[in-house]
Amino acid sequence: MNEKEIIKNNSDFLFIYDAKMSNPNGDPDEENRPRMDYEKGINLVSDLRAKRYIRDYLADNGEDIFVSMVDNKYVTAEKRVTEAFEDKTSDEEVLEKWIDVRLFGATMTVKKDNKIFTGPIQFNWGYSLNKVELLEASITSHFSTGENKTQGTIGKDYRVYYSFIAFSGIISARRAKNTRLKNEDISKFDNAIVESIPLLATRSKIGQYPRLYLRLEYNDDKKFIGDLRDYIRLQEDEKLRDIKECNLNIDELISVINENKDKINCIYYYYDKSLRILKNNEEIKLEEELKGFNIKKIGE
């Protein structure tokens, strides 16, 4: 792999999507209820759920994925490596083959050695910016539990009425050297994070749409601002039921971006125009606020 292809600059990113009458991330220890911080009334989504969307999207677009099933069966990491390479592989071959290892890292056995590749891209757990209410419903299957049973099985279905979910994450250029993360990989990641969720909708995940993505690419491998969610808030955060009721205030985010203008190489962005973005309590166009920067819209 050409060393020039490996990324040289750090990034911070913010990703927001919403979930309407769906289950963003069921907790298997809680009858698959949506994960919640009940004390705060906040909906939670794990980083693994976010990465799963991205992996599945990349796989559907022809990429070979390490953390995946083989022939619809779960396998160990060691078996995955062995089946792909038999016993003749090197670190370089592993990293060249699997984009998700370059992105997120992995633990695996290569030539009988336990290898840990720490991923350059890391997510925090996502959480809702609004207080979320749960819907619990009974569901009945049309299939009985046995040949002599005449009634279908009864179960529970858990959903959120509405959740406006924000993720924050980083891309580390220094760790990118170890996984050989390329600029081309980052472009695929940007597209995946924006496009994956609605395209991979299942019964429990339908009703989820991306609303905002910002990636601040810096000039070097040292700079990070931190959790970008600290600089945004919903104007109203209770009893929300639809994107049309959401007003996202980004005054502080625009301020901190402007404060770091000399350290930002490029801003990659996407936003859904259904989302009202506010500054000084007035609706704004994101492109206008960022026009003094080198900006690139995802998908163009």
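In case you missed it, the structure is sitting above this.
Note that the structure is a prediction, hence the values are computed from the model and not measured.

(A) A look at the overall build of the protein chain. Within the protein chain one finds eight helices and 18 strands. A globule of 300 residues ought to have a C-alpha radius of gyration of about 19 Å, and the protein chain, at 21 Å, matches this closely. With respect to the principal axes defined by its C-alpha atoms, the protein chain has extents near 70 × 60 × 35 Å. A buried classification covers 49% of the 300 residues belonging to the protein chain. Across the protein chain, the fraction of contacts at a sequence separation of at least 24, relative to all contacts at a separation of at least 6, is 74%. Carbon and sulfur atoms form 44% of the exposed surface of the protein chain, whose accessible area is close to 15,700 Å². Between the centroid of the 49 positive side chains of the protein chain and the centroid of its 55 negative side chains there is a distance of 1 Å.

(B) Representation of the pattern of salt bridges in the model. Inspection of the entire model under this criterion finds 30 salt bridges. Linking Arg215 and Asp190 is a salt bridge whose minimum nitrogen-to-oxygen distance equals 2.8 Å. Placement of Arg215 in strand β12 (residues 208-218) and of Asp190 in helix α6 (residues 183-199) is noted, with a sequence separation of 25 residues between them. Both residues of the pair, Arg215 and Asp190, belong to the buried class. Between Asp272 and Arg211 there is a salt bridge whose closest N-O contact spans 2.5 Å. Of the two residues, Asp272 is situated in the loop between β15 (264-271) and β16 (276-279) and Arg211 in strand β12; the sequence distance between them amounts to 61 residues. With respect to burial, Asp272 and Arg211 carry one shared label: buried. Each of Asp18, Arg211 and Asp272 takes part in salt bridges that share partners, so that together they form one network.

(C) Representation of the sheet that holds strand β13 (residues 233-234) within the structure. Sheet architecture is open: four strands sit in the order β13-β14-β16-β17, paired in mixed fashion. In the strand order of this sheet, the two ends are held by β13 and β17 (282-283), each with one partner.

(D) Just the packing of aromatic side chains, in detail. Counted by the stated rule, this structure contains 11 aromatic pairs. Aromatic side chains Phe66 and Trp98 sit 4.8 Å apart centroid to centroid with 50 degrees between the ring planes, which places their arrangement in the tilted category. With Phe66 in the loop between α1 (47-60) and α2 (77-85) and Trp98 in the loop between α3 (91-97) and α4 (99-104), this residue pair connects regions lying 32 residues apart in the sequence. Per residue, the accessibility class of Phe66 equals that of Trp98, and both read buried. One aromatic cluster in this structure is built from Phe13, Phe15, Tyr17, Phe104, Phe123, Phe167, Phe189 and Tyr213. Just above the ring of Tyr268 sits the side chain of Arg215; from NZ or CZ to the centre is 4.1 Å. Residue placement shows Lys261 over the ring face of Phe293; its charged tip is 5.5 Å from the ring centre.

(E) The arrangement of the environment of Ile257 in detail. Of note, Ile257 is situated in helix α7 (residues 251-259). Judged by relative accessible area, which is 2%, Ile257 ranks as buried. On a C-alpha basis, the gap between Ile257 and Glu288 in space is 14 Å, while along the polypeptide they are 31 residues apart. Contacts of Ile257, omitting those with residues within four sequence positions, involve Leu216, Ile264, Ile267 and Phe293.

(F) Region of interest: the packing of α1 against α6. At their nearest, the axes of α1 and α6 sit 8 Å apart, and the two run at 95 degrees to each other. Considering the angle they form, α1 stands roughly perpendicular to α6. Contacts from Tyr53, Ile54, Tyr57 and Leu58 of α1 reach α6 at Lys188, Phe189, Asn191, Ala192, Ile193, Glu195, Ser196, Ile197 and Leu199. In the contact of α1 with α6, the residues fall into nine nonpolar, two polar and two charged.

(G) Seen up close, the environment of Tyr268. Along the polypeptide, Tyr268 turns up in strand β15. Judged by relative accessible area, Tyr268 falls into the buried class, the value being 16%. Considered as a pair, Tyr268 and Glu217 are 51 residues apart in the sequence and their alpha carbons are 7.7 Å apart. The contacts of Tyr268, once residues within four sequence positions are left out, are Asp190, Tyr213, Leu214, Arg215, Glu217, Lys296 and Ile298.

(H) Region of interest: the side chain of Asn25. Its location among the elements puts Asn25 in the loop between β1 (11-22) and β2 (26-27). By relative accessible area, Asn25 is classed as buried at 7%. A polar atom in the side chain of Asn25 sits 3.0 Å from the side chain of Arg35. At 2.9 Å, the side chain of Asn25 forms a polar contact with the backbone nitrogen of Ser46. Apart from the residues within four sequence positions on either side, Asn25 is in contact with Arg33, Pro34, Arg35, Leu44, Val45, Ser46 and Arg49.

Parameters at a glance
- For every chain, the first residue of its written sequence is number 1, and the numbers climb from 1 along that sequence.
- pLDDT decides what is reported in this predicted model: residues at 70 or higher carry local features, side-chain atom pairs at 80 or more are listed and counted, and totals for whole chains, interfaces and linings draw on all residues regardless.
- Remark: hydrogens and water are excluded; side-chain values derive from all non-hydrogen atoms of the structure.
- Labels follow the DSSP assignment, with helices taken as runs of H or I lasting at least four residues and strands as runs of E lasting at least two, numbered in each case from the N terminus.
- Within these notes, the globule rule equals 2.2 Å times the number of residues to the 0.38 power, and the radius of gyration is based on C-alpha atoms.
- Burial classes follow relative accessibility: with a 1.4 Å probe on protein chains only, a residue under 20% of its type's maximum area counts as buried, one over 50% as exposed, and anything between as partly exposed.
- Whether two residues are in contact is decided by their heavy atoms, any of which lying within 4.5 Å being enough.
- Residue burial considers only the protein chains on display, and all accessible areas are found by Shrake-Rupley using a 1.4 Å probe.
- All tallies of charge rest on Lys and Arg as positive and Asp and Glu as negative; His and the ends of each chain are not included.
- Charge coordinates come from a single atom per side chain, which is NZ of Lys, CZ of Arg, CG of Asp or CD of Glu.
- The rule for a salt bridge is simple: a side-chain nitrogen of Lys or Arg has to be within 4 Å of a carboxyl oxygen of Asp or Glu.
- Strands are labelled as partners when DSSP assigns at least two bridges between them.
- Here a pair means two rings of Phe, Tyr or Trp (six-membered ring of Trp) with centres within 6.5 Å. Their orientation is stacked below 30 degrees between planes, edge-to-face above 60, and tilted elsewhere.
- For a ring to carry a charge above it, either NZ of a lysine or CZ of an arginine must fall within 6 Å of the ring centroid while also lying within 35 degrees of the normal to the ring plane.
- All axes are obtained by fitting lines to C-alpha atoms, using only the stretch in contact for helices, and the reported angles, taken between N-to-C directions, cover 0 to 180 degrees.
- Between 65 and 115 degrees an angle is taken as roughly perpendicular, under 35 as roughly parallel, over 145 as roughly antiparallel, and anywhere else as oblique.
- Nonpolar residues are Ala, Val, Leu, Ile, Met, Phe, Trp, Tyr, Cys and Pro. Charged residues are Asp, Glu, Lys and Arg, and all others, Gly as well, are polar.
- We call two N or O atoms a polar contact when they sit within 3.5 Å, provided that within protein one can donate a hydrogen and the other can accept it, with sequence-adjacent residues counted only if both atoms are side-chain atoms.

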